[in-house]
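The chain contents come next:
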Amino acid sequence: PDALPIFCPPGDIVAASVPEFRRTLRSLIQQGANELVVDLANVRMIDSSGIGLLAATHNTLRRSGGALAVRGASPEILELFTAMRLTQHFRVSAG
């Protein structure tokens, strides 16, 4: 089996960076990925736009029987995702 595609944003997932990240994620999905890993090792902050992007990506993947997983989350991001109940929708693991 092919290895899962991993998207590792080079910085924070905020309004200014979301359009570029959206294009990257969309491209991976168009290339046939139905499961994706987003590695947050370089991400210190994620705003509502970034959360929306991850949720939309998850929904797109789920429609094709796939899934989104997030890894490398800082304690603060993990706490945010837990508080927002995002951990009930896709796998999130700490860095």
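Note that this is a predicted model, so its numbers are computed, not measured.

S.K.: I'd love a proper account of the nonpolar core, names of residues and values included.
M.R.: The biggest cluster of nonpolar side chains holds 24 residues, and the ones touching the most others in it are Ile13, Val38, Leu40, Leu68, Val70, Phe81 and Phe90. If you list the elements that add at least two residues to this core, you get α1 (18-30), β2 (35-39), α2 (48-63), β3 (67-73) and α3 (75-83). Other than its neighbours up to four places away in sequence, Phe81 contacts Leu40, Ile46, Ile51, Leu54, Val70, Leu86, Thr87, Phe90 and Val92.

S.K.: If you had to explain the pairing of strand β4 (residues 91-94) to someone new, which residues and values would you point to?
M.R.: Examined bridge by bridge, β3 and β4 share 3 bridges and lie parallel to one another. Pairing of Ala73 across the sheet is with Ala94, part of β4. After leaving β3, the chain enters α3 and then returns to the sheet as β4, a path that is right-handed.

S.K.: I'd like to hear about the pattern of salt bridges, residue by residue, with values.
M.R.: In this structure the tally under the stated criterion is 1 salt bridge. Between Asp39 and Arg71 there is a salt bridge, and its shortest N-O distance comes to 2.9 Å. You can see Asp39 sitting in strand β2 and its partner Arg71 sitting in strand β3, a full 32 residues away along the chain.

S.K.: Give me the environment of Pro75: which residues, what numbers.
M.R.: For Pro75, the position within the fold is in helix α3. Residue classification places Pro75 among the exposed residues on the basis of a relative accessible area of 60%. Along the chain, Pro75 and Thr87 lie 12 residues apart, while their C-alpha atoms are 13 Å from each other.

S.K.: Explain the packing of aromatic side chains residue by residue, including any values.
M.R.: Going through the model one piece at a time under the given rule, you end up with 2 aromatic pairs. For the ring pair Phe7 and Phe21, a centre distance of 5.5 Å and an interplane angle of 70° mean the geometry is edge-to-face. Of this pair, Phe7 sits in strand β1 (residues 6-7) while Phe21 is found in helix α1, placing the two residues 14 residues apart along the sequence. Taken as a pair, Phe7 and Phe21 share a single burial class, namely buried. With a centroid separation of 6.3 Å and an interplanar angle of 90°, the aromatic rings of Phe81 and Phe90 are classed as edge-to-face. Assigned by exposure class, Phe81 and Phe90 land together as buried.

Conventions and cut-offs
Residues numbered from 1 in each chain as written. Predicted model: local features only at pLDDT ≥ 70, side-chain atom pairs only at ≥ 80, totals over all residues. Heavy atoms only, no water. Core = buried A, V, L, I, M, F, W, Y, C linked by side-chain atoms within 4.5 Å. Buried < 20%, exposed > 50% of the residue type's maximum accessible area, 1.4 Å probe, protein only. Helix = DSSP H or I, 4+ residues; strand = E, 2+ residues; numbered from the N terminus. Contact = heavy atoms within 4.5 Å. Pairing = 2+ DSSP bridges. Right-handed = clockwise from strand over helix to strand, strands pointing away. Salt bridge = Lys/Arg side-chain N within 4 Å of Asp/Glu carboxyl O. Phe/Tyr/Trp six-rings, centres within 6.5 Å; stacked < 30°, edge-to-face > 60°.

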